[in-house]
Amino acid sequence: MWASQSPIFLDIETIPDESRRHLWDLPDAPDIYPLSAALVGSTVSEIRVFLDQFALTLPSDYLAAIEDAEQQRCRGSRKGVSRALTKARQAEADLRKTLSLDPERGRAAVGWPVGDGEVQGAAVYDGMPEQEALKLIWNILDDQAFSPIVGYNVLGFDLPVIFARSILLGVEATRAINMRKYGNPDVIDLMVARFPSGRKKSLKTLAAQYGIEVPCPDVDGGDVFGMSPEERAEYVRSDVIVTRALYQRFRGYFC
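Bear in mind that the values here come from a model prediction, so they are computed numbers and not experimental data. (Residues numbered from 1 in each chain as written. Predicted model: local features only at pLDDT ≥ 70, side-chain atom pairs only at ≥ 80, totals over all residues. Heavy atoms only, no water.)

1. Re the side chain of aspartate 239
In step 1: Along the chain, the position of aspartate 239 falls in helix α9 (residues 229-250).
In step 2: Exposure remark for aspartate 239: the relative accessible area of 7% places this residue in the buried category.
In step 3: Beyond its immediate sequence surroundings of up to four residues, aspartate 239 is in contact with Asp11, Glu13, Leu203 and Lys204. (Helix = DSSP H or I, 4+ residues; strand = E, 2+ residues; numbered from the N terminus. Buried < 20%, exposed > 50% of the residue type's maximum accessible area, 1.4 Å probe, protein only. Contact = heavy atoms within 4.5 Å.)

Written out as structure tokens, the structure is:
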């Protein structure tokens with residue numbers, strides 16, 4: 001049983017906020033539909049230049065169309081074009097990851113349980129709107145019975161994301177949260193508690209070393225954008241469950 005105050009365990013995962021695409025600092029997309037015969041018939045060098053210039057603005061199905069057209073060539077696909085497509089896809093993936101980690105350009109999915117309760121709010125990407133999830137979080141944080149806030153890198157990432165997204169979406173804060181790293185009555189950051197010198201390990205690495213089962217062991221935050229809504233929900237739940245288990249192990253020692 002928990003004490004009279006029940007911790008709230010918090011985890012945030014983010015993907016790019018398409019509604020703020022105008023702030024992504026990308027070049028204007030070309031007029032690309034349908035896939036032009038001129039592009040298909042271009043040289044490897046011309047296709048490479050085109051992809052270098054516009055890869056970050058091209059939808060994945062357009063890159064797939066180029067690949068399909070290459071494979072249908074009588075001599076088969078050209079290695080130079082294949083390499084250019086691989087480079088374009090990697091550049092797009094890198095951009096998505098960068099955008100996701102920027103609260104002003106990435107929207108949040110929030111997962112939380114209180115005490116030993118069921119994980120809530122994990123499917124907010126495509127179920128509950130982000131704004132409503134943030135309101136729920138602030139309502140819970142306003143309840144003094146739910147304390148402290150516990151997370152892994154929660155001071156460095158999760159709470160700043162909640163603050164920034166709340167400002168952008170017009171969600172009012174219900175309380176001021178102490179953001180000190182040490183001696184903080186409001187927040188326990190398990191990463192800070194375990195690694196006060198700054199050297200750190202990932203949550204999954206610690207889980208493995210302490211014998212904690214990870215429900216989603218083969219994915220990380222960089223995979224979130226490509227997940228289905230159901231997979232995203234399960235991933236958020238997984239990290240919250242691991243965070244709670246780690247807190248139970250550390251309690252009385254590191255926190």
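2. Notes on the packing of helix α5 (residues 130-141) against helix α6 (residues 154-169)
In step 1: The N-to-C vectors of α5 and α6 enclose an angle of 120°; their axes lie 10 Å apart at closest approach. Relative to α6, the element α5 lies oblique. Helix-helix and strand crossings are classified by hand; for α5 and α6 the assignment is left-handed. Packed against α5, whose contacting residues are Glu130, Gln131, Leu134, Ile137 and Trp138, the element α6 presents Ile162, Phe163, Arg165, Ser166 and Leu169 at the interface.
In step 2: Taken together, the residues of the contact of α5 with α6 break down into six nonpolar, two polar and two charged. (Axes fitted to C-alpha atoms, helices over the stretch in contact; angles between N-to-C directions. Parallel < 35°, antiparallel > 145°, perpendicular 65-115°, else oblique. Left-handed = near helix turned anticlockwise from the far one by under 90°. Nonpolar A, V, L, I, M, F, W, Y, C, P; charged D, E, K, R; others polar.)

3. Quick notes on the packing of aromatic side chains
In step 1: With the rule as written, the count across this model stands at five aromatic pairs.
In step 2: Ring plane angle 65° and centroid distance 5.4 Å describe the contact between phenylalanine 9 and tyrosine 247, whose orientation is recorded as edge-to-face. Of the two residues, phenylalanine 9 sits in strand β1 (residues 6-9) while tyrosine 247 sits in helix α9, which places them 238 residues apart along the sequence.
In step 3: Overall, the relative accessible area of 4% leaves tyrosine 247 in the buried class.
In step 4: Through successive ring pairs, a cluster of aromatic residues spans Tyr210, Phe250 and Phe254. (Phe/Tyr/Trp six-rings, centres within 6.5 Å; stacked < 30°, edge-to-face > 60°.)

4. Focus on helix α4 (residues 79-100)
Note on helix geometry: an α-helix contains 3.6 residues per turn, so any two residues three or four positions apart are oriented the same way.
In step 1: Between its first and last C-alpha, α4 extends 32 Å over 22 residues, near the 32 Å set by a 1.5 Å rise per residue.
In step 2: Residues of α4 that are buried sit in contact with β2 (11-16), α2 (44-54), α3 (60-71) and β3 (106-111). (Expected span 1.5 Å × (residues − 1).)

5. With respect to the packing of α2 against α4
In step 1: With their axes 9 Å apart at the nearest point, α2 and α4 run at an angle of 5° to one another. Put simply, α2 runs roughly parallel to α4. Taking contact as the criterion, the partners of Val44, Ile47, Arg48, Leu51 and Asp52 in α2 are, on α4, Gly80, Val81, Ala84, Leu85, Lys87 and Ala88.
In step 2: Residues belonging to the contact of α2 with α4 are distributed by class as follows: seven nonpolar, one polar and three charged.

6. Let's talk about the pattern of salt bridges
When their charged atoms lie close together, side chains carrying opposite charge are able to pair.
In step 1: A complete count under the given rule lists eleven salt bridges for this structure.
In step 2: Across the pair arginine 89 and glutamate 67 runs a salt bridge, and its minimum N-O distance is 3.2 Å. Taken together, the positions of arginine 89 in helix α4 and glutamate 67 in helix α3 put the pair 22 residues apart, joining distant regions of the chain.
In step 3: According to the relative accessible area criterion, arginine 89 is partly exposed, its value standing at 31%.
In step 4: A salt bridge links arginine 237 to glutamate 234; the nearest nitrogen and oxygen atoms lie 2.9 Å apart. Placement of both arginine 237 and glutamate 234 in helix α9 is noted, with a separation of three residues, approximately one turn of the helix.
In step 5: With a relative accessible area of 27%, arginine 237 lands in the partly exposed category. (Salt bridge = Lys/Arg side-chain N within 4 Å of Asp/Glu carboxyl O.)

7. Observations concerning the nonpolar core
In step 1: One finds Leu10, Ile149, Leu159 and Ile162 to be the most contacted residues of the largest nonpolar core, which totals 21 residues.
In step 2: Secondary-structure elements contributing two or more residues to this core are β3, α5 and α6.
In step 3: Ranked by residues supplied to this core, first place goes to α6 with six residues.
In step 4: Excluding residues that lie within four positions of it along the chain, isoleucine 149 makes contacts with Ile8, Leu10, Leu141, Val154, Leu159, Ile177, Asp186, Val187 and Ile188.
In step 5: Of all hydrophobic cores here, the second largest spans 19 residues; its members include Tyr152, Ile188, Ala245 and Tyr247. (Core = buried A, V, L, I, M, F, W, Y, C linked by side-chain atoms within 4.5 Å.)

8. A closer look at α3
In step 1: The end-to-end C-alpha distance of α3 is 17 Å, a good match for the 16 Å that twelve residues give at a rise of 1.5 Å each.
In step 2: Burial in α3 covers these residues: Tyr62, Leu63, Ile66, Ala69 and Glu70. Buried residues of α3, viewed axially, fall in a sector of 120°; they line one side. Looking at α3, the residues exposed on the side facing more than 90 degrees away from the buried face are Ser60 and Gln71.
In step 3: Residues of α3 that are buried in the fold lie against α1 (37-40), α2 and α4. (Arc of directions from axis to C-beta.)

9. So, the layout of surface pockets
In step 1: Approximately 150 Å³ is the volume attributed to the second largest pocket.
In step 2: Together, Asn153, Leu155, Gly156, Lys181, Tyr182, Asp189, Met191, Val192, Phe195, Pro196, Gly198 and Lys200 line the second largest pocket.
In step 3: Taken together, the elements giving at least two residues each to the lining of the second largest pocket come down to α6 and α7 (190-194).
In step 4: Residue classes in the lining of the second largest pocket are distributed as six nonpolar, three polar and three charged. (1 Å grid on protein atoms, 1.4 Å probe; cavity = no way out; pocket = protein on both sides within 12 Å on 5 of 7 lines; lining within 4 Å. Points joined across faces, edges and corners; volume = space filled by probe spheres on them.)

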